Amino acid sequence: MIRRLAALLLWGIVCVSWANAQNNDLLSSHKGVMAMAPNTDVDRGNTTMNSKPIAIEKTRLVESEFEVNSLAWSPDGKHLAMTGILTKNVNIWDVENERVARTLKSDLPGPVFDALAYSPNGHYLAGCQGTIKTMARIWNPHTGDVVKDLGEIGPGGCRSVVFSPNSDFLALGISRNNAKDLEQLFSVAFFDTKTWQLVKTWITPGLYVDKIAFSPDGRFLAVGGHRATVTFPQGVVELWEVVQDKMVKSVTVYPNTKVESLAYSVDGKFIASGTSTGKGMGVMDQKTKELVHATNGKAIQLWDVASGSIGTTMTTDIVRGTLVRALRYTTDGKYLISGSRDFAVRIWDAATHQLLQTLKASGLVSSVAVRPDSAMLAASTGKIVTIWELLK
């Protein structure tokens, strides 16, 4: 009897060892590792280690020329355009073959490109640049030819560039240099993509424009920025009606910091904005040395477009003092992807607003892009661009 029990025990150990080896082989067959959120408080939205992962790392692209600060995925999902710090060039990567397929060189005067965007029809790639003067260039991404230089659009820095959903218009968000310019000069410019003529402009009095985003139907443009105050900048999101050229709603989403990122939900019901979660922001009376005003930042805010109110605040697992630099909804509407400066990319449930998974990045996340078929997402950290596969 004892020998039989010993034999059964030995056989059990062998079976368990074989199963573990099979699992390890299966995991190692992927190019990368699964990065799961810690198994802590389920109510806070963290993924447990037993849950099925949403994404697994597929590959890492190493950009040898520059540190990447902007990503844009081509509509067919085959190419990933990137530009960055200390360069005026744009490299278009062939994602499948993991190589630079084409380099778009710029001879425009001024600083580097701060933002990139593909037109939804795939015909154009736009890049805007500027700190003192805003300039923009349009390429044919298939040939690398310059389609149009939009010239000097005006003083200030271009922080955001987006095409309308039907590819008929290109919009630029321009942050003016001083208060006088804010009152007198336009902050959003629209170009007709058939003629590349400037067709209209908007003045946003007192608002330094940082990010812009079209609604899915193209009727509205969300404008995110900040207003300068005596104490702290106030993060503001405005909603503009595109055809009528008027601001229809405005909300202060952050009373003590700037809007760093902006995204429109696929169903058009919410506008997500990201900023710092810093806590130590306050005003001190210089005579009494007492703190007279202090506020807490919120990582991600969701603005309910219909009611005009802030519906949800998403801060789970995000380190305080961290900037949420990038926000993107997947095109299937299932997830909201955030990239932040605490070395993390997070996947949120777009419906329940719960944190599903935290992906460990190799550094400070500066940009996030989602492939149009929602099959992959990419994030830039310095010279490294990491691509994850989104599992079905």
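Keep in mind that this is a model prediction, so the values were computed, not measured.

Q: Can you break down the overall build of the chain residue by residue, with the values?
A: Per the secondary structure count, the chain includes 2 helices and 30 strands. Considering the chain as a whole, with its 392 residues, one finds that 50% of them fall into the buried category. Of the contacts made within the chain by residues no fewer than 6 positions apart, 45% connect residues no fewer than 24 positions apart. About 18,200 Å² of surface is accessible on the chain, with carbon and sulfur atoms providing 54% of the total.

Q: Any details on the state of the cysteines? Residues and values, ideally.
A: Counted by the stated rule, this structure contains 1 disulfide. There is a disulfide in this structure between Cys 128 and Cys 158, and the S-S distance comes to 2.1 Å. As the torsion about the S-S bond is roughly -85 degrees, the Cys 128-Cys 158 disulfide counts as left-handed. Linking Cys 128 in strand β7 (residues 125-129) with Cys 158 in strand β10 (residues 157-163), this pair joins segments that are 30 residues apart in sequence. For the pair Cys 128 and Cys 158, a shared accessibility class is recorded, and that class is buried.

Q: Requested: an account of the packing of aromatic side chains, with residues and values cited.
A: For the coordinates displayed, the defined rule picks out 4 aromatic pairs. Arranged with centres 5.1 Å apart and planes meeting at 85 degrees, the rings of Tyr 124 and Trp 196 form a pair that is edge-to-face. Here Tyr 124, found in the loop between β6 (113-118) and β7, pairs with Trp 196, found in the loop between β12 (188-192) and β13 (198-202); they are 72 residues apart in sequence, far enough to count as distant. Like Tyr 124, the residue Trp 196 is buried in the burial classification.

Q: Just give me the short version of the sheet that holds β10, but keep the residues and values in it.
A: Sheet architecture is open: 4 strands sit in the order β10-β11-β12-β13, paired in antiparallel fashion. Strand pairing shows two members of the sheet lacking a second neighbour, β10 and β13, which therefore form its edges. On average, each strand axis in the sheet is inclined to that of its neighbour by 20 degrees, with strand direction left out of account. Where strand β11 (residues 169-175) lies against β12, 5 bridges are found, and the strand directions are antiparallel. Bridge pairing links Leu 170 to Phe 191 in β12.

Q: Explain the pattern of salt bridges to me, and be specific about the residues and the numbers.
A: Enumeration over the complete set of coordinates arrives at 8 salt bridges. Between Arg 325 and Glu 260 there is a salt bridge, and its shortest N-O distance comes to 3.6 Å. Here Glu 260 lies in the loop between β17 (246-254) and β18 (261-264) and Arg 325 lies in strand β24 (residues 324-329), a separation of 65 residues in the sequence. The partly exposed category is assigned to Arg 325, whose relative accessible area is 31%.

Q: Explain the sheet that holds β24 to me, using residue names and the numbers behind them.
A: Strand order in the open sheet formed by 4 strands is β24-β25-β26-β27, and the pairing between neighbours is antiparallel. Two strands lie at the open edges of the sheet, namely β24 and β27 (355-360), each paired on one side alone. Adjacent strand axes in the sheet meet at a mean angle of 20 degrees, parallel and antiparallel pairs treated alike. Looking at chain direction, β24 and strand β25 (residues 335-340) are connected through 5 bridges and run antiparallel. Bridge pairing links Ala 326 to Gly 339 in β25.

Q: Requested: an account of the nonpolar core, with residues and values cited.
A: Within the largest apolar cluster, 19 residues are counted, with the highest numbers of intra-cluster contacts made by Leu 150, Ile 153, Val 161, Leu 170, Leu 172, Phe 191 and Trp 196. Elements that contribute at least two residues to this core include exactly β6, β7, β8 (133-139), β9 (146-155), β10, β11 and β12. Setting aside chain neighbours within four positions, we find Trp 196 in contact with Tyr 124, Ile 138, Val 147, Lys 148, Leu 150, Phe 163, Leu 170 and Phe 191. Counting 16 residues, the second largest nonpolar core, distinct from the first, contains Ala 55, Ile 337, Val 368 and Leu 377.

Q: Provide a residue-level description of the side chain of Gln 357, including the pertinent values.
A: Residue position: Gln 357 is located in strand β27. Among the polar contacts made by the side chain of Gln 357, one reaches the main-chain amide nitrogen of Ala 55 at a distance of 3.0 Å.

Q: Residues and numbers for unusual backbone geometry, please.
A: With glycine set apart, most residues show a phi of negative sign, and most peptide bonds adopt trans. In this structure, Trp 196 takes a positive phi of about 60 degrees despite not being glycine. Classification of Trp 196 as buried rests on a relative accessible area of 8%. For Ser 374, which is not glycine, the phi torsion reads 60 degrees and is therefore positive. Secondary-structure assignment places Ser 374 in the loop between β28 (367-370) and β29 (376-381). Since its relative accessible area comes to 3%, Ser 374 is described here as buried.

Q: Pulling in residues and values, what's your account of the pairing of β18?
A: Along β18, one buried face is formed by Ser 261 and Ala 263 and the opposite face, lined by Leu 262 and Tyr 264, is buried too. Where β18 folds back onto strand β19 (residues 270-274) in an antiparallel hairpin, the turn is made up of 5 residues, including Gly 268, whose phi is positive at roughly 75 degrees.

Q: Residue-level account of the confidence of the model for the chain, with values.
A: Per-residue confidence for the chain gives a mean pLDDT of 79, with 75% of residues at or over 70. Across residues 1-50 the pLDDT falls below 50, and counting only partners more than four positions away or on other chains, this stretch makes 48 contacts in the model.

Conventions used here
Residues numbered from 1 in each chain as written. Predicted model: local features only at pLDDT ≥ 70, side-chain atom pairs only at ≥ 80, totals over all residues. Heavy atoms only, no water. Helix = DSSP H or I, 4+ residues; strand = E, 2+ residues; numbered from the N terminus. Buried < 20%, exposed > 50% of the residue type's maximum accessible area, 1.4 Å probe, protein only. Contact = heavy atoms within 4.5 Å. Areas by Shrake-Rupley, 256 points an atom, 1.4 Å probe, with all protein chains shown as cover. Disulfide = S-S within 2.5 Å. Phe/Tyr/Trp six-rings, centres within 6.5 Å; stacked < 30°, edge-to-face > 60°. Pairing = 2+ DSSP bridges. Axes fitted to C-alpha atoms, helices over the stretch in contact; angles between N-to-C directions. Salt bridge = Lys/Arg side-chain N within 4 Å of Asp/Glu carboxyl O. Core = buried A, V, L, I, M, F, W, Y, C linked by side-chain atoms within 4.5 Å. Polar contact = N/O pair within 3.5 Å; in protein donor to acceptor, adjacent residues only side chain to side chain. pLDDT = per-residue confidence, 0-100.

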